[in-house]
Amino acid sequence: MKSLLKVTNLSKSFGAVPALRDISLEVMAGEVICIIGPSGCGKSTLLRCINHLTFPDGGFVELGDVYIGREPMAGGKVRMQSHSQIDKLRPRMGFVFQQFNLWPHLSVLENITRGPIKVQRRPRPEVEADAMVLLTRFGLADKATAFPAALSGGQKQRVAIARALALEPQLMLFDEPTSALDPEIVKEVLLFMRELAESGVTMVIVTHEIAFARHVADRVIFLDGGYVAEEGPAEELLTNPKNPRLREFLSQIDSPVMGCSA
Ligand SMILES: Nc1ncnc2c1ncn2[C@@H]1O[C@H](COP(=O)(O)OP(=O)(O)OP(=O)(O)O)[C@@H](O)[C@H]1O
Ligand SMILES: [Mg+2]
């Protein structure tokens, strides 16, 4: 398998508060990684530093064969890319937020087509045709002209995922995509994400849904206090956690949503 994402010695502090301390990880093409950990351990900051919604203080992020943000130079020096260079690289990663972050004043179709038209400068007819294919696949073709306010939480999140996929990213990042959903909708979105995973999309997912992680993730990373405290194959790490903090974390969390049938 080919390496798609490589994070090396990533660090980020907010004032005196270190949020990420020396994080290194690698994601292979086609892999699904779930990131778990207690509130405040740095999960969102890690995802945001990977796609540079937040700029890391130290370390490197490589996607495929390109660095994003900080680039190592000869003699141990580091070159910082310009904001416009970073803005061009960012769409290689799709980002799905807990709160959907759809544009409320745009229809479902416009939410999906805006990026490909404005950022990638692709022709509108082609982009709209592709968006309709995505919406049909996501069971939302009849919602193309609806506005986000008229959608259920699950529908909003599916539109948000379609919007991210429309930019044809190499990697999808999800930050607790089901945490803002009603319990009965969570399962619908998780099943949908499982289908996406099975279709070969490379995904890094921050989640509290342990049963989902067990069934869908190839590997799980446990973050604690800004460190990678444990990582390993999903089943092994979740069944036989070695780190006492991970054991404690797992004993406090239960996620019946996907159940044993998933
Ligand atoms: N913009 C910010 N300004 C200041 N501190 C921040 C900011 N964003 C995050 N932090 C701090 O960084 C640390 C990590 O936060 P982060 O949001 O990454 O945690 P998390 O693991 O995603 O938590 P949760 O499970 O609650 O979403 C926390 O101590 C948080 O207070
Ligand atoms: Mg978070």
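Up top you'll find the structure we're talking about.
Small disclaimer: the values here were computed from a predicted structure and weren't measured.

Engineer: What's the story with the overall build of the chain in this structure? I'm lost.
Structural biologist: Scanning the chain from terminus to terminus reveals nine helices and 12 strands. In summary, the chain has a C-alpha radius of gyration of 18 Å against a globular reference of 18 Å for 262 residues, a match within 12%. Counting only C-alpha atoms and orienting by the principal axes, one finds that the chain spans roughly 50 × 50 × 35 Å. Looking at the chain as a whole, 53% of its 262 residues qualify as buried.

Engineer: Could you clarify how one ought to interpret the nonpolar core in this entry?
Structural biologist: Most often, soluble globular proteins keep nonpolar side chains buried together rather than apart. Judged by nonpolar contacts, the single largest core of 52 residues is most densely connected at Ile36, Ile161, Met172, Phe174, Met203 and Val220. The element best represented in this core is helix α6 (residues 183-198), accounting for eight residues. Apart from the residues within four sequence positions on either side, Met172 is in contact with Gly94, Val96, Ile161, Ala164, Leu165, Val201, Thr202, Met203 and Val204. In terms of nonpolar packing, the next biggest core, distinct from the first, is built from 29 residues, Val7, Leu25, Ile33 and Leu171 among them.

Engineer: How should I be thinking about the sheet that holds strand β2 (residues 17-28) in this particular structure?
Structural biologist: Whether parallel or antiparallel, the strands of a sheet pair through hydrogen bonds between backbone atoms. One open sheet holds the four strands; their spatial order is β2-β1-β4-β5, and the pairing between them is antiparallel. Each end of this open sheet is capped by a strand with a single partner; those strands are β2 and β5 (66-68). Across the sheet, the mean angle from the axis of one strand to that of its neighbour is 25 degrees, orientation sign disregarded. As judged from the three bridges shared by strand β4 (residues 58-63) and β5, these two strands associate in the antiparallel manner.

Engineer: Looking at this structure, I do not really get the sheet that holds strand β12 (residues 227-233). What am I missing?
Structural biologist: Ordered by their spatial adjacency, six strands build an open sheet running β8-β9-β10-β3-β11-β12, and the pairing between neighbours is mixed. A single partner strand is all that each edge strand has here, and the edge strands are β8 (93-96) and β12. With direction set aside, neighbouring strand axes in the sheet form an average angle of 15 degrees. Looking at chain direction, strand β3 (residues 32-36) and strand β11 (residues 219-224) are connected through four bridges and run parallel. What sits directly across from Ile33, in β11, is Arg219. Of the strands in this sheet, β3, β9 (171-175) and β10 (203-206) touch α6, which is tilted by about 155 degrees from β10.

Engineer: Teacher, can you tell me more about the pattern of salt bridges here?
Structural biologist: Summed over the entire model, instances satisfying the criterion amount to 12 salt bridges. One salt bridge connects Glu188 with Arg158, and the closest N-O pair in it is separated by 2.9 Å. Placement of Glu188 in helix α6 and of Arg158 in helix α5 (residues 153-166) is noted, with a sequence separation of 30 residues between them. Among the residues examined, Arg158 registers a relative accessible area of 13% and is labelled buried. Linking Arg214 and Glu235 is a salt bridge whose minimum nitrogen-to-oxygen distance equals 3.1 Å. With a gap of 21 residues between them, Arg214 in helix α7 (residues 210-216) and Glu235 in helix α8 (residues 234-239) connect regions that are remote in the sequence. Among the residues examined, Arg214 registers a relative accessible area of 29% and is labelled partly exposed. Residue classification places Glu235 among the partly exposed positions, given a relative accessible area of 46%.

Engineer: Whenever I open this one, the site of ligand 1 confuses me. Can you help?
Structural biologist: Taken together, Phe14, Val17, Ala19, Pro38, Ser39, Gly40, Cys41, Gly42, Lys43, Ser44, Thr45 and Glu176 make up the full set of residues adjacent to ligand 1. Within the side chain of Thr45, a nitrogen or oxygen atom sits 2.5 Å from an oxygen atom of ligand 1.

Calculation criteria
Residues numbered from 1 in each chain as written. Chains lettered and ligands numbered in written order. Predicted model: local features only at pLDDT ≥ 70, side-chain atom pairs only at ≥ 80, totals over all residues. Heavy atoms only, no water. Helix = DSSP H or I, 4+ residues; strand = E, 2+ residues; numbered from the N terminus. Rg over C-alpha atoms; globule rule 2.2 N^0.38 Å. Buried < 20%, exposed > 50% of the residue type's maximum accessible area, 1.4 Å probe, protein only. Core = buried A, V, L, I, M, F, W, Y, C linked by side-chain atoms within 4.5 Å. Contact = heavy atoms within 4.5 Å. Pairing = 2+ DSSP bridges. Axes fitted to C-alpha atoms, helices over the stretch in contact; angles between N-to-C directions. Salt bridge = Lys/Arg side-chain N within 4 Å of Asp/Glu carboxyl O. Near = heavy atom within 4 Å. Polar contact = N/O pair within 3.5 Å; in protein donor to acceptor, adjacent residues only side chain to side chain.

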